[in-house]
Amino acid sequence: MTKHIFVTGGVVSSLGKGLTSASIGMLLEARGLKVRMQKLDPYINVDPGTMSPYQHGEVYVLDDGSETDLDLGHYERFTNAPLTRDSNYTTGQIYLSVIEKERKGQFLGKTVQVIPHITDEIKHVIRKVADADTDVVITEIGGTVGDIESLPFLEAIRQYPLLVGRENCLYIHLTLVPYLKAAGELKTKPTQHSVGQLRQIGIQPDILICRCEQPISREERDKIALFCNLPPQAVIEERDKDFSIYEVPLSLVSNGLDDQICERLKLSTQSPDLDPFNEILHRLRNPNHEISIAVVGKYAEHKDAYKSIYESLDHAGIRQRAQIRIGRIQSSDIEDEGPEYLLSGYDGILVPGGFGERGIEGKVQAVRYAREKQIPFFGICLGMQCAVIEYGRNVVGLEHAHSTEFDKNTKHPVICLLDEQREITQMGGTMRLGSQPAKLAEGTRSREAYGVEEIAERHRHRYEFNNVYRQQFSANGMKFAGTSPDDALVEIVELPNHPWFVAVQFHPEFKSKPTKAHPLFAGFVQAAIERRARRNKSAGESEKAPEGRADSSSVQSGQDPSAGQPA
Ligand code: GLN
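What counts, and where the lines are drawn
Residues numbered from 1 in each chain as written. Predicted model: local features only at pLDDT ≥ 70, side-chain atom pairs only at ≥ 80, totals over all residues. Heavy atoms only, no water. Helix = DSSP H or I, 4+ residues; strand = E, 2+ residues; numbered from the N terminus. Rg over C-alpha atoms; globule rule 2.2 N^0.38 Å. Buried < 20%, exposed > 50% of the residue type's maximum accessible area, 1.4 Å probe, protein only. Contact = heavy atoms within 4.5 Å. Lys, Arg positive; Asp, Glu negative; His and termini not counted. Charge placed at Lys NZ, Arg CZ, Asp CG, Glu CD. Near = heavy atom within 4 Å. Polar contact = N/O pair within 3.5 Å; in protein donor to acceptor, adjacent residues only side chain to side chain. Areas by Shrake-Rupley, 256 points an atom, 1.4 Å probe, with all protein chains shown as cover. Nonpolar A, V, L, I, M, F, W, Y, C, P; charged D, E, K, R; others polar. 1 Å grid on protein atoms, 1.4 Å probe; cavity = no way out; pocket = protein on both sides within 12 Å on 5 of 7 lines; lining within 4 Å. Points joined across faces, edges and corners; volume = space filled by probe spheres on them. Pairing = 2+ DSSP bridges. Axes fitted to C-alpha atoms, helices over the stretch in contact; angles between N-to-C directions. Core = buried A, V, L, I, M, F, W, Y, C linked by side-chain atoms within 4.5 Å. Salt bridge = Lys/Arg side-chain N within 4 Å of Asp/Glu carboxyl O. Phe/Tyr/Trp six-rings, centres within 6.5 Å; stacked < 30°, edge-to-face > 60°. Patch = residues over 30% accessible without salt bridge, like charges linked within 9 Å, V, L, I, M, F, W, Y side chains within 5 Å. Left-handed = near helix turned anticlockwise from the far one by under 90°.

**Observations concerning the overall build of the protein chain**
Of the regular secondary structure elements, the protein chain holds 20 helices and 23 strands. Rg of the C-alpha trace for the protein chain: 25 Å, near the compact-globule value of 24 Å for 567 residues, within the 12% margin. With the C-alpha coordinates of the protein chain rotated into their principal frame, the extents come out at 70 × 65 × 45 Å. The buried share of the protein chain, taken over its 567 residues, is 59%. At a minimum sequence separation of 6, the contacts of the protein chain that also span at least 24 residues come to 73%. If you average the places of the 66 positive and of the 78 negative side-chain charges in the protein chain, the two averages end up 2 Å apart.

**Some details on the site of the ligand**
Contacts to the ligand come from Gly353, Gly354, Phe355, Cys381, Leu382, Gln385, Glu405, Arg460, His461, Arg462, Tyr463 and His507. In this structure, a nitrogen atom belonging to the ligand sits 2.7 Å away from a side-chain N or O atom of Glu405. Bound to the protein, the ligand loses 99% of the 300 Å² it would expose on its own. The set of elements that each furnish at least two residues to the shell around the ligand consists of α16 (382-396) and β19 (454-461). In terms of residue class, the shell around the ligand is made up of 4 nonpolar, 5 polar and 3 charged.

**A few points about the layout of surface pockets**
The method is simple in principle: a probe with the dimensions of a water molecule rolls over the atoms, and the space it marks as empty is what remains. In this structure, the second largest pocket occupies an estimated 680 Å³ of space. As for the second largest pocket, its lining consists of 33 residues, of which Gly49, Gly354, Phe355, Met431 and Arg460 are closest to the centre. Looking at the lining of the second largest pocket residue by residue, the class counts come to 16 nonpolar, 12 polar and 5 charged.

**So, the sheet that holds strand β2 (residues 35-41)**
Read across the open sheet, the 7 strands follow the order β5-β2-β6-β1-β7-β10-β11; overall the sheet is parallel. This sheet does not close on itself; its edge strands, each paired only once, are β5 (88-90) and β11 (235-239). Ignoring which end each strand starts from, the neighbouring axes of this sheet average 20 degrees apart. When strand β1 (residues 3-9) meets strand β6 (residues 136-141), the two strands line up parallel, connected through 5 bridges. When the bridges of β6 are listed, Val7 appears paired with Glu140.

**Brief notes about the nonpolar core**
Grouped together as the largest cluster of nonpolar side chains are 44 residues, with contacts concentrated most on Ile5, Ile24, Leu28, Ile138, Ile209 and Ile261. It is helix α1 (residues 17-29) that contributes the most residues to this core, 6 residues altogether. Ranked by size, the runner-up nonpolar core spans 42 residues in total, among them Ala294, Ile349, Ile389 and Val396.

**Overview of the sheet that holds strand β14 (residues 348-351)**
The 9 strands lie next to each other as β13-β12-β14-β15-β23-β22-β21-β18-β19, forming an open sheet whose pairing is mixed. Among the strands making up the open sheet, the edge pair consists of β13 (322-330) and β19. Along the sheet, successive strands turn relative to each other by an average axial angle of 25 degrees, direction set aside. When strand β15 (residues 377-380) meets strand β23 (residues 501-504), the two strands line up parallel, connected through 4 bridges. In the strand pairing of β23, Ile380 is matched with Val504. Across the sheet, helix α15 (residues 360-372) is in contact with β12 (289-297), β14, β15 and β23; its angle to β14 comes to roughly 150 degrees. On the sheet, α16 packs against β14, β15, β22 (490-494) and β23 and is oriented at approximately 115 degrees with respect to β15.

**Quick word on the pattern of salt bridges**
If you walk through the whole model with that rule in mind, you get 39 salt bridges. The partner of Glu390 in a salt bridge is Arg371, with the nearest N and O atoms 2.7 Å apart. A residue pair is termed long-range when its members are at least 10 positions apart, and Glu390 in helix α16 and Arg371 in helix α15 qualify at 19 residues. Members of the salt-bridge network, linked through shared partners, are Lys39, Asp41, Asp69, Asp71 and Glu140.

**Re the packing of aromatic side chains**
The tally for this structure, following the rule as stated, stands at 17 aromatic pairs. Here Tyr306 and Tyr310 contribute two aromatic rings whose centre-to-centre distance is 6.4 Å and whose plane-to-plane angle is 90 degrees, an arrangement assigned as edge-to-face. Judged by its relative accessible area of 6%, Tyr306 falls in the buried class. Taking the centre distance of 4.6 Å and the plane angle of 35 degrees together, the rings of Phe377 and Phe501 count as tilted. Taken together, the positions of Phe377 in strand β15 and Phe501 in strand β23 put the pair 124 residues apart, joining distant regions of the chain. On the basis of relative accessible area, Phe501 is assigned to the buried category, the value being 1%. In this structure an aromatic cluster arises from ring pairing among Tyr54, Tyr299, Tyr306 and Tyr310.

**Details of a nonpolar patch on the surface**
Residues Tyr95, Ile99, Val114 and Ile115 make up a contiguous nonpolar surface patch of about 330 Å² in total accessible area. Elements with a minimum of two residues in the nonpolar patch: α4 (91-103) and α5 (114-129). If you trace the backbone, Ile99 turns up in helix α4.

**Some thoughts on the side chain of Glu457**
Within the fold, Glu457 resides in strand β19. Of note is the side chain of Glu457, whose polar atom sits 2.6 Å from the side chain of His518. When residues no more than four places from it in sequence are discounted, the contact partners of Glu457 are Gly434, Ser435, Gln436, Tyr450, Phe506, His507, Pro508, Lys511 and His518.

**Notes on the packing of helix α12 (residues 307-320) against helix α19 (residues 519-539)**
Interhelical geometry of α12 versus α19 gives an angle of 65 degrees and a closest axis separation of 9 Å. Note that α12 runs across α19; the crossing there is right-handed. Residues Ile309, Ser312, Leu313, Ala316, Arg319 and Gln320 of α12 touch α19, and the partners they reach there are Phe521, Ala522, Phe524, Val525, Gln526 and Ile529.

**Considerations on the environment of Leu313**
Note that Leu313 resides in helix α12. For Leu313, a relative accessible area of 0% translates into the label buried. With near-sequence residues (within four places) excluded, Leu313 lies in contact with Ile293, Val295, Ile324, Ile326, Leu350, Phe521, Phe524 and Val525.

From the geometry alone we can't say anything about function, so treat these as descriptive.
So this is what it looks like as structure tokens:
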């Protein structure tokens, strides 16, 4: 019988429910259990694909091409649970499906209502992921208890034990226990209220995970337990981690969370193998190198807009034993202040994916700076398209070369709409999406990094390299290191006369893990380490960071990138 864990959140949003759910998944896997992860989001959008990164951060893409919430990125990075279209549902999707059934007359003349029709649909999508192989399904409910829009999801998980038995379900509620400086104490009232609201709906949480800045004392824990109708050991402290997110699962273990879960769900397992996570933390704490990487994007100020990119850089740092300071650079600032002012001092420059014209010229200038100054460069999706535009304009000599996404009438459309996109008018879920195969050319950095000839990477784009220009670019030194197997689409470009200049049409950041850094991120970081070593050597002060903007004010690896950025 598959067991179900439902994770809800109370008091405030952004409590890190995704990370906590992913940590629970990781801990259960470390005990040898087969886990599936799922996120139910209360918003009406059918998926986050059409939303701006300002809303919910990056859109995370799965192998099957579904565009999902970024929490699924945490799930994939922390666990081996297979994720599919069924791993993320929104209110919009649930209603869409119910309304489609209604239009087909499938409700046989009945009045269609939130209870039972919407809640039945929700239970159905939960049940779908609980296949015969699965020991535990972890379903995270987005939003905060008390919101109107999450009510149908909460009602559905309240009903769920009626389907599978209460003994097979576990409710975990994540809350905030704030520290009030003026009072000099932790406050438990918001937690009491939030659990109170859950109980009104009919859900008695089994375990409370309390996010806090200060340790929770024995008395405070007993008080929370009493008011929330729980045994004290079911009140688990999750204190803020200022070093690394990889501390979270380990601290949950030391506070007894996994033991509690297994006890309540009657799962008899081995004790968890935590070696991989201990090794990650050991490496993070004992780096051999220190480098800085500039990520030049349109949403630099938003800490979640390039979440998987920041994480992938961290993974590469873990693998290459480098502490990476990430500078989040707003591309439009480069247009105002110039690349030298903002980018000198960095050991690598990364231009991530994106849409829309704002800041494009700043990105193109960043590519040019990296190319001319021989700074390791990594372009991703739009970043590759900018690299092609830059090379077209400044090396191939194609004046005003551009992408037709930004200039429909450009004389040199070096980036143009994919053929398959020409007839598409509907926005949601219609890009070239998901895992696509590519073949790598011999003697390229990409081939060397991957170590294989055939790869599969995740895509999310409408535009591509315009093959009309392939010959001209190639004659001018650009190498087409990766193409689709039929050679129709350019997937990777490289510059051989550069320490490391690799730009890819896909999103490698969706396939990197802390325990298995993506080969291209690892290659890029290694090139940045080598550049730093060369600079240190020529500065005559080995392994000491030179003075520079990048080092004085940017973000440390493993930390929340919002902690600071080059001014
Ligand atoms: N806007 C570009 C396209 O649609 C790049 C997309 C991206 O970077 N994900 O092709």
